[in-house]
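Geometric and topological summary
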Amino acid sequence: TGVAVEMGAGQALLVLLAASVVMPTRDLLLNICMDAKHHKTTPGPEGMLHGQCAPWKDNACCTVNTSSEAHKDQSYLYNFNWNHCGVMPPKCKRHFIQDTCLYECSPNLGPWIDQADSSWRRERILHVPLCKEDCEEWWEDCKDYITCKENWHKGWNWATGTNRCPWGSMCRPFTQVFPTPKDLCEKIWSNSYKYTTEHRGSGRCIQMWFDPAQGNPNVVVAKYYAWKKRSSPVGMENVTPEAGKAVCALPWPVLVLLPLALVLL
């Protein structure tokens with residue numbers, strides 16, 4: 001009968017809906033690479049990465065060549081010269097290399113990927129919450145260096161093919177250009193990073209570098225902020241991650257088709 005057919009259709013639809021619930025859905029904020037100049041399409045093992053990029057070797061968005069170039073004073077990555085106001089001290093340069101490795105290699109920056117309007121990348125990172133220690137050690141080790149610019153993303157003189165201080169600018173002590181660690185972390189790369197008072201190991205801030213023997217601490221940080229980003233638009237800022245998962249457990253096709261299945265029953 002027609003009723004039996006409708007009931008059968010409804011039951012079949014419920015079976016399909018149940019199947020869609022148990023099928024894993026890829027989280028578009030986790031374990032991804034941004035669409036930028038030297039990034040791989042998807043993260044994966046590299047076997048071995050160079051120097052300070054090594055912690056990401058098991059799951060990286062960068063290649064071996066990119067990791068090697070990240071350590072050079074004048075690399076093909078962006079033709080960027082760290083020594084634009086004299087030679088950058090090694091203890092300072094170490095942080096800029098770590099910064100480059102994090103940017104190029106990390107698959108844990110998804111919650112902060114934003115659209116970019118530059119010719120060399122379609123995506124960038126914005127307001128990545130850096131751990132307090134990372135910002136402060138970066139500033140402390142670079143405070144004796146000199147530079148001519150606050151924002152290193154733009155405004156350079158590229159007439160020679162590499163970045164030089166713009167005409168009329170003066171090389172000044174780092175502490176004048178960046179009076180605080182917050183100034184350094186937030187201003188140098190156009191707000192790519194955000195200074196936080198969260199500490200390493202808290203699960204609430206990204207570390208620029210880590211000991212791979214202890215695992216990658218940025219994985220859990222990305223998961224926390226991915227959950228927070230998904231839940232905040234619907235007023236769930238104060239819901240625990242576990243409760244948020246329960247509320248958001250049904251994918252959108254289920255929510256759309258479930259009323260139809262109930263009607264057919």
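The residue numbers shown here count from 1 along each chain, following its written sequence. This being a predicted model, a pLDDT of at least 70 is required before a residue's local features are given, and a value of 80 or more before pairs of side-chain atoms are given or counted; all residues contribute to the totals for chains, interfaces and linings. Note: side-chain values were computed over all heavy atoms of the structure, leaving out hydrogens and water.

Convention followed: UniProt positions are given in the numbering used here, feature names are shortened, and annotations may be inferred rather than shown by experiment.
Named according to an unreviewed UniProt entry, the chain is FOLR1 protein originating from Chauna torquata. Turning to the chain, the UniProt annotation filed under Sequence similarities (unreviewed entry) states: "Belongs to the folate receptor family."

**A few points about the pairing of strand S2 (residues 121-125)**
Inclusion rule: Each residue gets one of three labels from its accessible area relative to the maximum for its type: buried under 20%, exposed over 50%, partly exposed in between, using a 1.4 Å probe on protein chains only. The way it works is that DSSP assigns letters per residue, a run of H or I at least four long becomes a helix, a run of E at least two long becomes a strand, and they are numbered from the N terminus. Whether two strands pair depends on DSSP finding at least two bridges between them.
For S2, the buried fraction is high: four of the five residues fall into the buried class. Bridge count for strand S1 (residues 113-118) against S2 is four bridges, and the pairing is antiparallel. For isoleucine 113, the partnering residue across the bridge sits in S2 and is isoleucine 125. Between S1 and S2, which pair antiparallel one after the other, the connecting turn spans two residues.

**Topic: the packing of helix H3 (residues 90-105) against helix H4 (residues 132-142)**
Note the cut-off: Axis definition: a line fitted to C-alpha atoms, limited for helices to the stretch in contact. Angles are taken between N-to-C directions and run from 0 to 180 degrees. Oblique is the label for any angle not covered by the other classes, which are roughly parallel (under 35 degrees), roughly antiparallel (over 145) and roughly perpendicular (65 to 115). In this scheme the handedness of a crossing depends on how the near helix is turned from the far one: anticlockwise by less than a right angle means left-handed, clockwise means right-handed. Between two residues, a contact is recorded if the distance between any of their heavy atoms is within 4.5 Å. Note on residue categories: nonpolar means Ala, Val, Leu, Ile, Met, Phe, Trp, Tyr, Cys or Pro, charged means Asp, Glu, Lys or Arg, and polar means any other residue, Gly included.
The contact between H3 and H4 brings their axes to 7 Å, and the two run at 140 degrees. Of the possible angle classes, the one that applies to H3 and H4 is oblique. In this structure, the crossing between H3 and H4 has a hand that is left-handed. Each of Lys91, Cys92, Arg94, His95, Phe96 and Asp99 in H3 lies in contact with H4, whose residues at this interface are Glu137, Trp138, Asp141 and Cys142. Its residues assigned to classes, the contact of H3 with H4 shows four nonpolar, one polar and five charged.

**Some remarks on the side chain of asparagine 81**
The test is simple: Polar contact criterion, stated in full: a pair of N or O atoms within 3.5 Å, where within protein one must be able to donate a hydrogen and the other to accept it, and residues adjacent in sequence count only if both atoms are side-chain atoms.
In this fold, asparagine 81 is placed in the loop between helix H2 (64-69) and H3. Looking at asparagine 81, its side chain comes within polar contact range of the main-chain nitrogen of asparagine 83, at 2.9 Å. Not counting the four nearest positions on each side in its chain, asparagine 81 is found in contact with Asp73, Gln74, Thr162 and Asn163.

**Some words on the nonpolar core**
Put simply, the rule is: As used here, the term nonpolar core means buried Ala, Val, Leu, Ile, Met, Phe, Trp, Tyr and Cys residues forming a set that is joined through side-chain atoms within 4.5 Å.
Ranked by internal contacts, the top residues of the largest apolar core, which has 52 residues, are Phe96, Trp138, Trp152, Trp189 and Tyr193. Here this core gets seven residues from one element, more than from any other, and that element is H3. Here tyrosine 193 is in contact with Asp99, Leu102, Ile125, His127, Val128, Leu130, Trp138, Cys185 and Glu186, once residues within four sequence places are set aside.

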